[in-house]
Structures are given as structure tokens and as C-alpha cells.
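Listed below are the residues making up each chain.
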Amino acid sequence: PGDPVRVCRWDGSDLERIHLADSVDLRLRSILQIVSAPTGEVWFGGAGLYRFDGERFECVIEPPTTPGDLLYYMLLRSNGELWFVRCNGELTVYAAGRFDHRGRVFAGHRISGLREDPQGAIWLTSQGKALLHCDGSGFSVVQESENPLIGNPCLDPQGRLWVGTEGWGLYCYDTTRFTVYRKEHGLPASDVYCLAQGADGRLLIGTSAGVVGYYGA
């Protein structure tokens, strides 16, 4: 038997552990992604897919039985669509209670992260060393990189896309080219796993050696 799949909620004073489902394997019990909507709706992905509507939790996909079915990357679009990529590379779109399985290879690449821009287009990273773009008509390669790109990109107020790597530093795409930042530029480590835009304008960079903030130019 496996362990329960749980998330924790902090109310400012206490940490509450919330049971989502029972896993079938000790290795398959993690929540890897959390995305939220302005309405307060929150989605949790990893060992299954779960929705919180502000009052109760709903299990949409049961915990998987194989590592390849873990949900690794998620994007909640402005139109309400939920896009997610499994560990095996399959891209799925969930909307209006239905799943649309889009495939595993796009413009010759497998997807390793997603981000929607203010115009509704989607930017996607690939471990095949490329940044992709989807504007509704199809997928295309925008810029190739020297190293594999991982994780959901982060879009800053200047319109630049920031992308993490595993061991190769932090990539910044300014609509024309990549600039790479590594330990010699102030990063605590060259493994960059997650990115977020802070309320104060800082880019928050999660690395294997801690979190660092960057204001940029």
C-alpha cells in the first residue's frame, strides 16, 4: 500500500494537512504543481489532478500507477482551459469536463514547461533545447538554446521570458536572443527549477541552493 496524497494549507498561524487521495505506490504521492485562478479556484497536479473551488476538493484524475503518468507541468489559461504535461511528455487540455489529448511531440520537440502571455499565446520550453510558441494555429520553434530548458517560463513586466535549466543556469529571452546567467553572475547554483514574479517586481528564482531575487533592468 502507498501513502496518502496530501497538500498543506497555511492560514497565518497553523499548518493544515489536507488529504486528497490514497496513492498506490510510495513513489507516486507528490504534488508537483499548483495553479490558481482569479476566482479563487486552485488546481493541484502531480500524483493525480485535484480541484479546489474555495470550499471543497474534487479528485479529477486518480493517483497514477506508473511514474510516466505523473503531472509535471500545468498552465491554467485565461479562458479557463487547464493544460498539463505528464512525465511521459503527453500534453493534455482539460476544458468543460473533457480531456483533449494533444500528443507528445510538437514542432519536433517534447514539452517541459508552459506559460501564457497577455495576448493569449502560449510559450513552451523543451528539453530538446528550444523555446516554442503556440498562437492557436500551431506550434513553432522561436529560439534554439545551447542546453535543455525545463520548467514553466516566467514572463516579466518588460516582456522577457525567463527559463530554468538543470545545471546550465538561468536563460532570459528578450524576443531576439537568449542571455544566460550563471553562478558567476550571482546565482547561488546553476540548477534553476522554478520561477515566479514577486509582487514587488522581483524575479524570484528557485535553485538547488536556495531562492534568490533579481530586479533586473
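Before reading further, recall that the structure is shown in the block above.
A few points on the structure. If you're wondering where the values come from, they're calculated on a predicted model, not measured in any experiment.

### Topic: the overall build of the chain
For step 1, the next point in the chain: Scanning the chain from N- to C-terminus turns up 0 helices and 21 strands.
For step 2, the next point in the chain: The C-alpha atoms of the chain give 17 Å as radius of gyration, which agrees with the globular expectation for 217 residues (17 Å, within 12%).
For step 3, the next point in the chain: Reported as C-alpha extents along the three principal axes, the dimensions of the chain are approximately 45 × 45 × 35 Å.
For step 4, the next point in the chain: Residues counted as buried form 44% of the 217 residues belonging to the chain.
For step 5, the next point in the chain: Summed over its atoms, the accessible surface of the chain is roughly 11,300 Å², and 48% of this surface lies on carbon and sulfur atoms.

### Description of the sheet that holds strand 11 (residues 111-116)
For step 1, the next point in the chain: Reading across from one edge, 11-12-13-14 is the order of the 4 strands in this open sheet, with antiparallel pairing throughout. Each having just a single partner strand, strand 11 and strand 14 (139-144) make up the two edges of the open sheet. The mean inter-strand angle of the sheet, taken between neighbouring strand axes irrespective of direction, is 25°.

### Considering the packing of aromatic side chains
For step 1, the next point in the chain: Scanning all chains against the criterion turns up 13 aromatic pairs.
For step 2, the next point in the chain: On the numbers, 5.7 Å between centres and 40° between planes, the contact of F44 with F57 is tilted. Taken together, the residues F44 in strand 4 (residues 42-46) and F57 in strand 6 (residues 57-61) connect sequence positions 13 residues apart.
For step 3, the next point in the chain: Residue class for F44 comes out buried when judged on its relative accessible area of 8%.
For step 4, the next point in the chain: On the basis of relative accessibility, which here comes to 26%, the residue F57 falls in the partly exposed class.
For step 5, the next point in the chain: Ring centres of Y94 and F99 lie 4.5 Å apart, and the angle between their planes is 40°; on these two criteria the pair is classed as tilted.
For step 6, the next point in the chain: One aromatic cluster is present, built from ring pairs that chain together W43, F84, Y94 and F99.
For step 7, the next point in the chain: In this structure, R102 packs its charged tip against the face of W83, placed 5.3 Å from the ring centre.

### Re the pairing of strand 4
For step 1, the next point in the chain: A large share of strand 4 lies buried, amounting to 5 of its 5 residues.
For step 2, the next point in the chain: Side chains V42, F44 and G46 project from strand 4 onto one buried face, and the interleaved W43 and G45 project onto a second face that is buried too.
For step 3, the next point in the chain: With 5 bridges joining them, strand 3 (residues 31-36) and strand 4 adopt antiparallel strand pairing. When the sheet's bridge partners are listed, V35 is paired in strand 4 with W43.

Basis of the calculations
Residues numbered from 1 in each chain as written. Predicted model: local features only at pLDDT ≥ 70, side-chain atom pairs only at ≥ 80, totals over all residues. Heavy atoms only, no water. Helix = DSSP H or I, 4+ residues; strand = E, 2+ residues; numbered from the N terminus. Rg over C-alpha atoms; globule rule 2.2 N^0.38 Å. Buried < 20%, exposed > 50% of the residue type's maximum accessible area, 1.4 Å probe, protein only. Areas by Shrake-Rupley, 256 points an atom, 1.4 Å probe, with all protein chains shown as cover. Pairing = 2+ DSSP bridges. Axes fitted to C-alpha atoms, helices over the stretch in contact; angles between N-to-C directions. Phe/Tyr/Trp six-rings, centres within 6.5 Å; stacked < 30°, edge-to-face > 60°. Lys NZ or Arg CZ within 6 Å of the ring centre and 35° of its normal.

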